[in-house]
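Structure assessment
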Amino acid sequence: MSQRKRLSNTQSSSQSKRQSGASVAQEENDDTTFTQPSTSQVQRGMQKLTPAQVDQKTAEVVQYFLVKDQKKIPVRRADLVKHVVKEYRTIYPEIMKRASRTFDQVFGLKMIEIDAKNHMYILINKLEPGDGASPIKSPTNPKMGLLFVILSVIFMKGGVVRENLIWNTLNKLRVDPGEKHEEFGDVKKVVTDEFVRQRYLEYVRIPHTEPVEHEFRWGQRADVEVSKTKILEFMGQLHEQDPQSWSQQYREAHSVSGSTQPGSSR
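Read on for a plain summary of the structure. (Residues numbered from 1 in each chain as written. Predicted model: local features only at pLDDT ≥ 70, side-chain atom pairs only at ≥ 80, totals over all residues. Heavy atoms only, no water.)

Quick notes on the overall build of the chain
- Of the regular secondary structure elements, the chain holds 11 helices and eight strands.
- Here the chain holds 266 residues, and 38% of them are scored as buried.
- Contacts in the chain between residues at least 24 apart in sequence constitute 59% of all its contacts with a sequence separation of at least 6.
- Within the structure as shown, the chain displays about 15900 Å² of accessible surface, and the carbon and sulfur contribution to it stands at 48%. (Helix = DSSP H or I, 4+ residues; strand = E, 2+ residues; numbered from the N terminus. Buried < 20%, exposed > 50% of the residue type's maximum accessible area, 1.4 Å probe, protein only. Contact = heavy atoms within 4.5 Å. Areas by Shrake-Rupley, 256 points an atom, 1.4 Å probe, with all protein chains shown as cover.)

Here's the deal with the packing of aromatic side chains
- Scanning the model with the defined rule gives four aromatic pairs in all.
- With centroids separated by 5.6 Å and ring planes inclined at 65°, the aromatic side chains of F65 and F103 adopt a geometry described as edge-to-face. On the criterion of sequence distance, the pair formed by F65 in helix α3 (residues 51–70) and F103 in helix α5 (residues 92–107) is long-range, its members being 38 residues apart. For the pair F65 and F103, a shared accessibility class is recorded, and that class is buried.
- Judged by centre distance (5.9 Å) and plane angle (90°), the ring pair of W167 and F216 falls under edge-to-face. Here F216 lies in strand β8 (residues 214–218) and W167 lies in helix α7 (residues 163–172), a separation of 49 residues in the sequence. Residues W167 and F216 agree in their burial class; the two are buried.
- Through a chain of ring-to-ring contacts, three or more aromatic side chains come together here, namely W167, Y203 and F216.
- Positioned above the aromatic ring of Y200 is the side chain of R221, whose terminal nitrogen or guanidinium carbon lies 5.5 Å from the ring centre.
- Cation over ring: K228 sits above W218, and NZ or CZ is 5.0 Å from the ring centre. (Phe/Tyr/Trp six-rings, centres within 6.5 Å; stacked < 30°, edge-to-face > 60°. Lys NZ or Arg CZ within 6 Å of the ring centre and 35° of its normal.)

Structural notes on the sheet that holds β8
- Strand order in the open sheet formed by three strands is β4-β8-β7, with antiparallel pairing between adjacent strands. The open sheet has two free edges, formed respectively by β4 (160–162) and β7 (201–205), since each of these has just one partner strand. The sheet shows a mean angle of 25° between the axes of neighbouring strands, taken without regard to direction.
- The sheet contact formed by β4 and β8 spans three bridges and is antiparallel. Considered in β8, the bridge of V160 is made with R217.
- The sheet strands contacting α7 are β4, β7 and β8, and the helix crosses β4 at an angle near 75°.
- Sitting on the sheet, helix α8 (residues 187–197) is in contact with β7 and β8, with an inclination near 125° to β7. (Pairing = 2+ DSSP bridges. Axes fitted to C-alpha atoms, helices over the stretch in contact; angles between N-to-C directions.)

Here's the deal with the pattern of salt bridges
- What the rule picks out here adds up to 10 salt bridges.
- Among the salt bridges present, the one from R197 reaches D193, with a minimum N-O distance of 3.5 Å. One end of the pair, R197, and the other, D193, are both in helix α8, four residues apart, so they sit about a helical turn from each other.
- In this structure R197 comes out as partly exposed when scored by relative accessible area, which is 44%.
- The class for D193 is partly exposed, based on a relative accessible area of 29%.
- Note that R217 is salt-bridged to E215, the shortest N-O span being 2.9 Å.
- Through salt bridges with shared partners, a single network forms among D55, E94, K97 and R98. (Salt bridge = Lys/Arg side-chain N within 4 Å of Asp/Glu carboxyl O.)

The following block contains the structure:
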């Protein structure tokens, strides 16, 4: 009986992995089947629609972005086309241009592409000072404080750290990843799932490790939103040191300060 159960569990696990892989492949296919319309195609598409129809679809796209932005989830072009734009895909560039203008003029937000390969977009607050970015200067709530600590560790350690270093750091702050926290709930899930889906962190398996180990890096959203200069100042206050004493980090922080381009690589 136990052998049959184990066999059943193994089959179920492998089936689940196949389904997961198929789902990822389907998501990628969703985007590869969409071809950006040409200017002439957009013009012909616009001629077949009334201004009210275009305005309505633009409003739906704006609403979709705002809902996603509440949870800091990036918007994939494939999802946008499939679930919102739908039969209006021939005028996709025009809809995006109008949506971008609405974010700019009505909400004070800027829509930027953080992943050119997978066509993923986020909204940032353009009212903050900075050249095209709205850097997070300091934590605005406890969860962002947790993220700020993790990003600080990664930055100070050269841009990539093994996960056990992050867990050890949090333990020193009395945040145990193995226990339910009154403020964050499941800490490990917040860090490895929520922050990763929001693109603040990358959580990558290290090849050829047994047992399996992972490492953390800054995610694409963090590159755009988080000020490395402020992280260095934060570390200086924490350790009562001049930020310039970390010469390598200081040079990196000030080389990108005020010149970081959305979607730039580290």
